[in-house]
Amino acid sequence: MIKLFSGTANPGISQEIADQLNLPLSNVEIIRFENSEVRVRIQEDVKNDTCVLIQSVSNPTDTNLMELFLLCDALRREEAKKVIGIIPYFGYARQNIQHRDGECVSVNVIIRIMESIGFHKIFALDIHDEATAGVFSIPFKNLSTFPSLAESVKEYLQMDAPSAADFAIVSPDQGGIERARKFGQSFFGNSDFHLAVTEKKRDMAQIHKSKALDLYGDVKDKTVVIVDDIATSAGTLIHAAELCEKNGAKRVLAAVTHHDFSTKAPDIIQN
């Protein structure tokens, strides 16, 4: 039997998944103490069941991550046959290499803990770097939201078949070119479209500081769709948009999977 469990990171999306699968969300008790510790308790018989645990590792990242770990451990202690993690937003995925001497490769640490606790398989949505899949020794599947985002943008534009001559799909950095290409293929239904990329330089000594240096590709008189996986400070997004406008873009839209916004980001984008 399959049973669904949800953490507290995003109960809304957990309920939507449950509704689409026509399955109830199983009962779990999650208590937070005044010293910020959390206690979880499974309130279902899960012996020999496959348990699907839905929990984003979004802000507050460490709080949601600890909840995920403890829920998995609780399910294994109750003799669940398998625990499958559905992690829509995989926090720490951007800390996937050692940028400077002395740094931790944080995402590797998170993965090792997941494996040791007893997850059977992990699913994520648009994890920051697909190469991270190679770190896992348990099955891992990265699902793409870009076909869905492409349909949403077409719906917003009220266009069933947008003309490639009128649009440019832009990646805000070199690492996101493949994401932008996937979006464009879904948006136009083929691979014949304008694909541009901005060159970005990040200041590793200061958090959330980056600068768009140049734009490679034709955006003049076109509607630009900037495609990215995550926006936190929105700096990368804004710099890319400004560079596109400077190079003659008619208007700029953005299609971003994860809005893991800082407190200032919504106002920055709005302005």
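Please refer to the structure higher up on the page.
Every value quoted in this text rests on a predicted model; they were computed, and no experiment measured them.

Participant: So what exactly am I meant to see when it comes to the overall build of the protein chain here?
Facilitator: A count of helices and strands for the protein chain gives 7 helices and 12 strands. Scored against the burial criterion, the 271 residues of the protein chain give a buried share of 43%. Residue pairs in contact within the protein chain that sit at least 24 positions apart in sequence constitute 66% of those at least 6 positions apart. By element, 47% of the accessible surface of the protein chain is carried by carbon and sulfur atoms, the whole surface being about 14700 Å². On the protein chain, the mean spot of the 29 positive side-chain charges and the mean spot of the 37 negative ones are 3 Å from each other.

Participant: What's the story with the pattern of salt bridges in this structure? I'm lost.
Facilitator: Oppositely charged side chains can pair when the atoms bearing their charge come close. As enumerated under the stated definition, the model contains 10 salt bridges in all. Residue Asp 228 is joined to Arg 179 by a salt bridge in which the shortest nitrogen-to-oxygen separation is 3.8 Å. Note that Asp 228 is positioned in strand E11 (residues 223-231) and Arg 179 in helix H5 (residues 177-188), a separation of 49 residues in sequence. Among the salt bridges present, the one from Asp 229 reaches Arg 179, with a minimum N-O distance of 3.6 Å. One end of the pair, Asp 229, is in strand E11; the other, Arg 179, is in helix H5, and 50 residues separate them in sequence. Under the relative-accessibility criterion, Arg 179 is labelled buried at 11%. Through salt bridges with shared partners, one network takes in Arg 179, Asp 228 and Asp 229.

Participant: Just checking my understanding: could you explain the side chain of Thr 198 for this structure?
Facilitator: Note that Thr 198 resides in strand E9 (residues 194-202). Its relative accessible area of 1% is what places Thr 198 among the buried residues. Excluding residues that lie within four positions of it along the chain, Thr 198 makes contacts with Val 170, Ser 171, Pro 172, Asp 173, Gln 174, Asp 214, Leu 215, Ala 240 and Leu 243.

Participant: Would you explain the sheet that holds strand E6 (residues 121-125) in this entry?
Facilitator: With parallel pairing, 5 strands are arranged side by side in an open sheet as E1-E4-E5-E6-E7. Each edge of the sheet is formed by a strand with only one pairing partner; in this case those strands are strand E1 (2-6) and strand E7 (140-143). Along the sheet, successive strands turn relative to each other by an average axial angle of 20°, direction set aside. Bridging between strand E5 (residues 82-87) and E6 involves 4 bridges; their strand directions are parallel. Of the residues in E6, the one forming a bridge with Gly 85 is Ile 122. Those strands touched by helix H1 (residues 11-21) are E1 and strand E4 (50-54), and its axis lies near 160° from that of E1.

Rules of the game
- Residues numbered from 1 in each chain as written.
- Predicted model: local features only at pLDDT ≥ 70, side-chain atom pairs only at ≥ 80, totals over all residues.
- Heavy atoms only, no water.
- Helix = DSSP H or I, 4+ residues; strand = E, 2+ residues; numbered from the N terminus.
- Buried < 20%, exposed > 50% of the residue type's maximum accessible area, 1.4 Å probe, protein only.
- Contact = heavy atoms within 4.5 Å.
- Areas by Shrake-Rupley, 256 points an atom, 1.4 Å probe, with all protein chains shown as cover.
- Lys, Arg positive; Asp, Glu negative; His and termini not counted.
- Charge placed at Lys NZ, Arg CZ, Asp CG, Glu CD.
- Salt bridge = Lys/Arg side-chain N within 4 Å of Asp/Glu carboxyl O.
- Pairing = 2+ DSSP bridges.
- Axes fitted to C-alpha atoms, helices over the stretch in contact; angles between N-to-C directions.

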